[in-house]
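Residue strings, one per chain:
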Amino acid sequence: MALSFIKRVFTFDKPAGEAEQDALRRHEASVVDAELEPKSRLEDLPVAPVDPVSLPEIETAGGPADDAVIETSEPLRPVVAESPLAEEEAPAILPGVEETAELGVVPLSLLQAEAAAEVEENTPPDLPVIPPTGGGTGKALTPGQQSQAETSERASTIGESASHPLPTADGAEDGATGLPPPVGGMASRPGGVSVPVEPVLPKGFSTARAAPETVTIVPPAPLSWFQRLRAGLARTSSQLTGQITALFTKRKLDDETLEELEDLLIQADLGVETAMRITGALSSERYGKDVSGDDVSRIMSGEITKVLAPVAKPLALDLNHKPHVILVVGVNGTGKTTTIGKLAAKLSGAGLKVMLAAGDTFRAAAIEQLKIWADRTGSQFIGTKLGADAAGLAYDAFEQARENKSDVLIIDTAGRLQNRTELMAELEKIVRVLGKLDPDAPHTVLQTLDATTGQNALQQVEIFRNVAGVSGLIMTKLDGTARGGILVAIAAKHKLPVYFIGVGEGVDDLEPFEAEDFARAIAGLTH
Ligand SMILES: Nc1nc2c(ncn2[C@@H]2O[C@H](COP(=O)(O)OP(=O)(O)OP(=O)(O)O)[C@@H](O)[C@H]2O)c(=O)[nH]1
C-alpha cells in the first residue's frame, strides 16, 4: 500500500526504450497467468522455487524457460531435481512456512525452523538418506504423490521424527527406519502439526473408499439423584437383600426365620433397635404366611423411613448473625475439608459471602487444600502458619469475617481420633474462644462421618458431641460402601439432624439428606 502510494505521488524517469520493454514484460506475464489460470500456476504449487537444473524436465512448448509461455497438456508437475546441488541450495519450501499435504501452508515458528536447521546440521552424514522425491528416479509424480513424497522427504531432511514412519511415494520402506510405511493415518510433527497422510497402496492394488459409516452417539441420560444414591448404596442393599431372599425361599414366617432376619439386619449395621422394628412389623403383617424378599424390602423401607424422617433436616442458617459460624469437626480423613468445599460452593453459588478458615494447623496440605477450595468457590480464605494455635486462628477468622460482613464463616479443624485427649481439649478451646465473641457461636457444629467406618461411627458421634457440642451430621463416602446402614443406627441412637450426604469427591457430590430415598435405596427398591 505504501509502495503504491509512493508510486502515485512520485514519478521515476526511465531511459528511453525501457517503458516499451516493461510493457512487453507485463504483457508476457499476463499471457503466462492466463495460460496457467485454469490449471495450476507454478508459484501456487506446493513446492516453491524450482531449481534451474530441473527446468528442462518441465514439459514446455520450448523456448527459454524464464520468459517463455508455458504450455501444458496436464497440470504442471514440478519435478524435484536429483541434483544434490538442488537439494542443498534450493529450499523446498519458503522459509518459515510449512506445507501440509492437504491444506497448503501452515506457518512454522521461527524457533521450530531454527531447531530443525540445527538438527539437520548435527545429523551425521552416514545416516540413511531418503532418496529425492519419486524414489530417486526423477520421474514426475501426481500431485498427491508429490505432496506425500515431500512430506516424507522433509521429515527426514529436517531431522523430524514422525510418530510413525511416513510413507514414501511408492509405498516403499521408510529409508530412515526400514519399516514399511503405514497406510493412511496421521503423521504428527514436532510443534503439534498433524499431517493427514493418504494411503498409497503398492502397485498391483486398487482400493475403493467406502463412505464413512454414520454412527450416532447418544450421550447417556444423566442419572437422577435417586439412581445415584441407589448405585452408591448398591453394595449395602444387594448384600442385605440377597441374604433376605435366600432366607425366605420356600419358608413361612416363623420365630426362627424372624430371629435369623433380625441377625441379618444387625449385621448390616442397621442397629438392634431398627432391626427389631422391622421384624416386629413383618411379624404383625405376615406371621405364619409365605413371605417374599419383596415383602421384606417393602416393610424394611417403611420402617427405616420412620427412623430417618425425624433427622432429615435442612441446615438452618441464621443470617442475623454476620457471620453464621459453622465449625466442622470429625476424625481424620472423614471428609471435613472436602465437605467444606462442597458447602462453600452451594452457599457462594446462592450469592452468600463465604469465608473459609484453615483451622487444621497440623497439616500444610490441609491448609493448601482449603485454599484451593476457597479459590474454586469464590470464597474468602484465612489461614495461618503451620503449627500455630488453631483457637487463635478461629478467633481471628471470626473477627475478620465480621469486619468483612461475611454471611457464613466455615472453620476447618484438624482431624483427630476421639481417643486423643489433648487434641479433643484443643477442640474444646476453639469452641470456647468463639463463644467469647458471640455466646451463641459456633452457631452450627457439623460432624463429618465416613460411611465406610461402620460401627465405630457411633462412638465418634458420642465423643465429639460431648466435647464440641455437635449439632448436626454429614455422612460422606456413601458412594460404594457396604456399610451405609450405619446411618440408620446413628439416627436411631443420637437423633441428631443429618443435613447432607456425600456421594463422591466432586464439588456437586453433596446432596440434602432425604429419609425415604435413603430407606428405599438401602432396601433395594428401584423407585
Ligand atoms: N468417595 C468419596 N470420597 C470422599 C467423599 N468426601 C471426601 N472424600 C475423600 O476423602 C478423602 C479425605 O477427605 P478430606 O476432606 O481431606 O478429609 P478430612 O477430614 O479433611 O481429613 P484430615 O484433614 O486428615 O482430617 C479425600 O480423598 C476426599 O476426596 C465422598 O463423599 N465420597
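Residues numbered from 1 in each chain as written. Predicted model: local features only at pLDDT ≥ 70, side-chain atom pairs only at ≥ 80, totals over all residues. Heavy atoms only, no water.

### Structural notes on the UniProt feature "domain: SRP54-type proteins GTP-binding" (unreviewed entry) in the chain
- UniProt annotation of "domain: SRP54-type proteins GTP-binding" (unreviewed entry) refers to residues 497-510 when read in the numbering used here.
- Here residues 497-510 is 0% helix and 43% strand, with 16 Å between the C-alpha atoms at its ends. (UniProt positions renumbered as here; feature names shortened; annotations may be inferred. Helix = DSSP H or I, 4+ residues; strand = E, 2+ residues; numbered from the N terminus.)

### Considering the pattern of salt bridges
- Scanning the model with the defined rule gives 14 salt bridges in all.
- Of the charged contacts, one joins Glu285 and Arg298 as a salt bridge, the two residues approaching to 3.2 Å between their closest N and O atoms. With Glu285 in helix H9 (residues 272-286) and Arg298 in helix H10 (residues 293-308), the pair connects residues that are 13 residues apart, well separated along the chain.
- Glu285 gets classed as partly exposed once you look at its relative accessible area, which sits at 38%.
- A salt bridge links Lys477 to Asp450; the nearest nitrogen and oxygen atoms lie 3.3 Å apart. Of this pair, Lys477 sits in the loop between strand E10 (472-476) and helix H16 (486-494) while Asp450 sits in strand E9 (residues 444-450), and the two are 27 residues apart along the sequence.
- Salt bridges sharing common partners tie together Glu285, Arg286, Asp295 and Arg298. (Salt bridge = Lys/Arg side-chain N within 4 Å of Asp/Glu carboxyl O. Buried < 20%, exposed > 50% of the residue type's maximum accessible area, 1.4 Å probe, protein only.)

### Concerning the pairing of strand E11 (residues 498-502)
- Counting buried positions along E11 gives five out of five residues, so the element sits mostly inside the fold.
- Note: E10 against E11, three bridges, orientation parallel. Across the sheet, Met475 pairs through a bridge with Ile501, a residue of E11.
- A crossover connection joins E10 to the parallel E11 through H16; in handedness this β-α-β unit is right-handed.
- Direction of pairing for E11 relative to strand E12 (residues 510-512): antiparallel, over a ladder of three bridges. Within E12, the position partnered with Gly502 by the bridge is Leu510. (Pairing = 2+ DSSP bridges. Right-handed = clockwise from strand over helix to strand, strands pointing away.)

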